[in-house]
Amino acid sequence: IPDASGLTIKPSPSITTLFTITVSQPGAPTTCPDRTASYLAYVEPYPVITLPFKEKTICYDDSFELTAYVQPEGINYIYEWSPPFQLRSKNAMPNKFFAPPGEIYPLELKAITPGAHCTSFDSMFIKVVPPFKFETVTPQDTTIRYGDEITLNTESAAIMWYWTPVDYLNDPVLKSPTARPLKPITYTVVGIDQYGCRDTASINVDITYEPKLFIPNAFSPNGDGLNDKFGIQNIQFERFLLMRIFNRHGEMVFETTNIDNHWDGTYNGKPAPQDVYFYEVRLALPNGGEPYYRKGDVSLVR
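Let us look at the structure shown here. (Residues numbered from 1 in each chain as written. Predicted model: local features only at pLDDT ≥ 70, side-chain atom pairs only at ≥ 80, totals over all residues. Heavy atoms only, no water.)

## Notes on the layout of surface pockets
The test is simple: Cavities and pockets were defined on a 1 Å grid built from protein atoms only: a cavity is a group of points that admits a 1.4 Å probe but offers it no way out, a pocket is an open group of points flanked by protein on both sides within 12 Å along at least five of seven lines, and a lining residue is one with an atom within 4 Å of any such point. Grid points are joined across faces, edges and corners, and a volume is the space filled by probe spheres set on the points. Numbering of helices and strands runs from the N terminus, with a helix taken as a DSSP run of H or I at least four residues long and a strand as a DSSP run of E at least two residues long.
Approximately 280 Å³ is the volume found for the largest pocket. Lining the largest pocket are 14 residues, and of these Ala4, Gly6, Ile9, Thr20 and Ile21 sit closest to its centre. Among the elements that line the lining of the largest pocket, the one with the most residues is strand S1 (residues 17-23), at 5 residues.

## Things to note about the sheet that holds strand S17 (residues 185-192)
Within a sheet, neighbouring strands are paired by backbone hydrogen bonds and run either parallel or antiparallel to one another. Heads up, the condition is: Paired strands are those between which DSSP finds at least two bridges. Each axis is a line fitted through C-alpha atoms, taken for helices only over the stretch in contact, and angles between the N-to-C directions span 0 to 180 degrees.
In space, the 4 strands of this open sheet follow the order S12-S18-S17-S15, with mixed pairing throughout. Taken across any chain shown, the strands that pair with only one partner, and hence form the sheet edges, are strand S12 (142-145) and strand S15 (160-164). Ignoring which end each strand starts from, the neighbouring axes of this sheet average 30° apart. The pairing of S17 with strand S18 (residues 198-208) spans 8 bridges and is classified as antiparallel. What sits directly across from Thr186, in S18, is Asn204.

## So, the sheet that holds strand S7 (residues 78-82)
The strand order across the open sheet formed by 4 strands is S4-S10-S9-S7, and the pairing between neighbours is mixed. Every other strand in the sheet has two partners, leaving strand S4 (55-59) and S7 as the edge strands with one partner each. Taken pair by pair, the neighbouring strands of this sheet meet at an average axis angle of 25°, ignoring direction. Here strand S9 (residues 104-112) pairs with strand S10 (residues 119-129) via 9 bridges, running antiparallel. Paired with Leu107 across the bridge in S10 is Met124.

## Describing the state of the cysteines
Put simply, the rule reads: Cysteine sulfurs are considered disulfide-paired once they come within 2.5 Å of each other. Relative accessible area decides the class of each residue, using a 1.4 Å probe on protein chains only: under 20% of the type maximum gives buried, over 50% gives exposed, and in between gives partly exposed.
In total, this model carries 1 disulfide according to the counting rule given. The disulfide partner of Cys59 is Cys197, and the S-S distance across this bridge is 1.8 Å. Of note, the bridge from Cys59 to Cys197 carries an S-S torsion of about -105° and is left-handed in sense. Pair noted here: Cys59 is in strand S4 and Cys197 is in the loop between S17 and S18, with a separation of 138 residues, a long-range link. Judged by relative accessible area, Cys59 falls into the buried class, the value being 11%.

## As for the pairing of S7
The two faces of a sheet get side chains in turn, since along a regular strand they alternate between them. Of the two faces of S7, only one is covered, namely that formed by Tyr79 and Trp81; the face formed by Ile78, Glu80 and Ser82 stays uncovered. Strand direction decides the pairing type here: S7 and S9, joined by 5 bridges, are antiparallel. When the sheet's bridge partners are listed, Glu80 is paired in S9 with Lys110.

## Brief notes about the nonpolar core
To be explicit about the condition: For this analysis, a nonpolar core means a set of buried residues of the types Ala, Val, Leu, Ile, Met, Phe, Trp, Tyr and Cys, connected via side-chain atoms within 4.5 Å.
In terms of nonpolar packing, the biggest core is built from 25 residues, with Phe134, Leu152, Trp163, Tyr187 and Val205 touching the most fellow members. If you list the elements that add at least two residues to this core, you get S15, S17 and S18. It is S18 that provides the largest number of residues to this core, a total of 4 residues. Ranked by size, the runner-up nonpolar core spans 21 residues in total, among them Leu51, Val70, Trp81 and Val128.

## A look at the packing of aromatic side chains
Just so we agree on the cut-off: In this scheme Phe, Tyr and Trp rings, the latter by its six-membered ring, pair at centre separations within 6.5 Å, and the angle between planes marks the pair as stacked below 30 degrees, edge-to-face above 60, and tilted otherwise.
One pass over the structure, following the stated rule, counts 11 aromatic pairs. Between Phe230 and Tyr279, the aromatic rings sit 5.5 Å apart at their centres with planes inclined by 45°, giving tilted as the arrangement. Note that Phe230 is positioned in the loop between strand S19 (218-219) and strand S20 (239-246) and Tyr279 in strand S24 (residues 275-284), a separation of 49 residues in sequence. Each member of the pair, Phe230 together with Tyr279, is buried. Linked through ring pairs, Phe219, Phe230, Trp263, Tyr277 and Tyr279 together constitute an aromatic cluster.

## Regarding unusual backbone geometry
Phi is mostly negative for residues that are not glycine, and the peptide bonds are mostly trans. Residue Pro83 follows Ser82 across a cis peptide bond; omega there is -10°. Assignment of secondary structure puts Pro83 in the loop between S7 and strand S8 (95-97). For the peptide bond that leads from Met93 to Pro94, omega is 0°, which places it in the cis range. Among the structural elements, Pro94 can be located in the loop between S7 and S8. Positive phi values are uncommon outside glycine, yet Asn227 reaches one of about 55°. Here Asn227 lies in the loop between S19 and S20. A positive phi angle, close to 55°, is found at Asn268, a residue other than glycine.

## A short note on the side chain of Asp199
For the record, the criterion: All tallies of charge rest on Lys and Arg as positive and Asp and Glu as negative; His and the ends of each chain are not included. By salt bridge we mean one thing: a side-chain nitrogen of Lys or Arg within 4 Å of a carboxyl oxygen of Asp or Glu. By the criterion applied in these results, polar contacts are pairs of N or O atoms within 3.5 Å in which, for protein atoms, one can donate a hydrogen and the other can accept it, and in which residues neighboring in sequence qualify only through two side-chain atoms. Throughout, a residue-residue contact means that at least one pair of heavy atoms, one from each residue, lies within 4.5 Å.
Following the sequence through the fold, Asp199 ends up in strand S18. No salt bridge is formed by the buried Asp199; its nearest oppositely charged neighbour, Lys133, is found at 4.1 Å. A distance of 2.9 Å separates a polar atom in the side chain of Asp199 from the backbone nitrogen of Phe134. Sequence-distant contacts of Asp199, that is, excluding residues within four places in its chain, are made with Phe132, Lys133, Phe134, Val189, Val190 and Gly191.

If you want it as structure tokens, here you go:
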């Protein structure tokens, strides 16, 4: 203060300051001591507003949280949002925004100190876009044979994808991954478009355990090295349990529990006659259910 000797002063404090005035009478007796009085000048700074963004594109799917930061901290600011029509409250912090898609909405925030009403303001713009949806997700709920491969596919405006669970997938972040599931499974895909909008869809894949066996309908055990024995071919995921062969009289001429043990066309150590024989095969499947049975006939040709 240039001059602090008068009864009126005009200070410009930048921080909260306690001013004290002392009054004394020259030559006064001790019974008239100096008198003092104090005045606290409470200084409030102008708020400094930091917005999370100046322009923002959001999806029309749920309310959007608006949070701004005002400094210095520790002051019970008064907040005023305008216009207030798409907001949860005109004075809330944080606030909630929700508005129809297709427009750009301006918003202004004022921060006001409680005592001196020092005021600052800043503004932002929010664009609301329509919700993102998958156009197609294929296949629909489907059934494949154990060991087969299936391609999962989506069509949409998505730029990112994530499939879960990742089990049996070649790549969970592809638009169209391939899967070779070994058990019934439900795949869920989350798609994200350029604005961060999301949609979710699911595909149920069931599994059938149908063997792809090859069993010849004839063989010729003549020692020429071609088709001399009868057995099962193309065993893949199955576990071989049993094969039996019967003649037309119902007599069992061959039995084995070893997949590599094929019938050479003999019975009791002697060549079996040319005829039609009947077989039954039993296999165990990966799902642990009932064994798989297969019956048929084979011609022994001499």
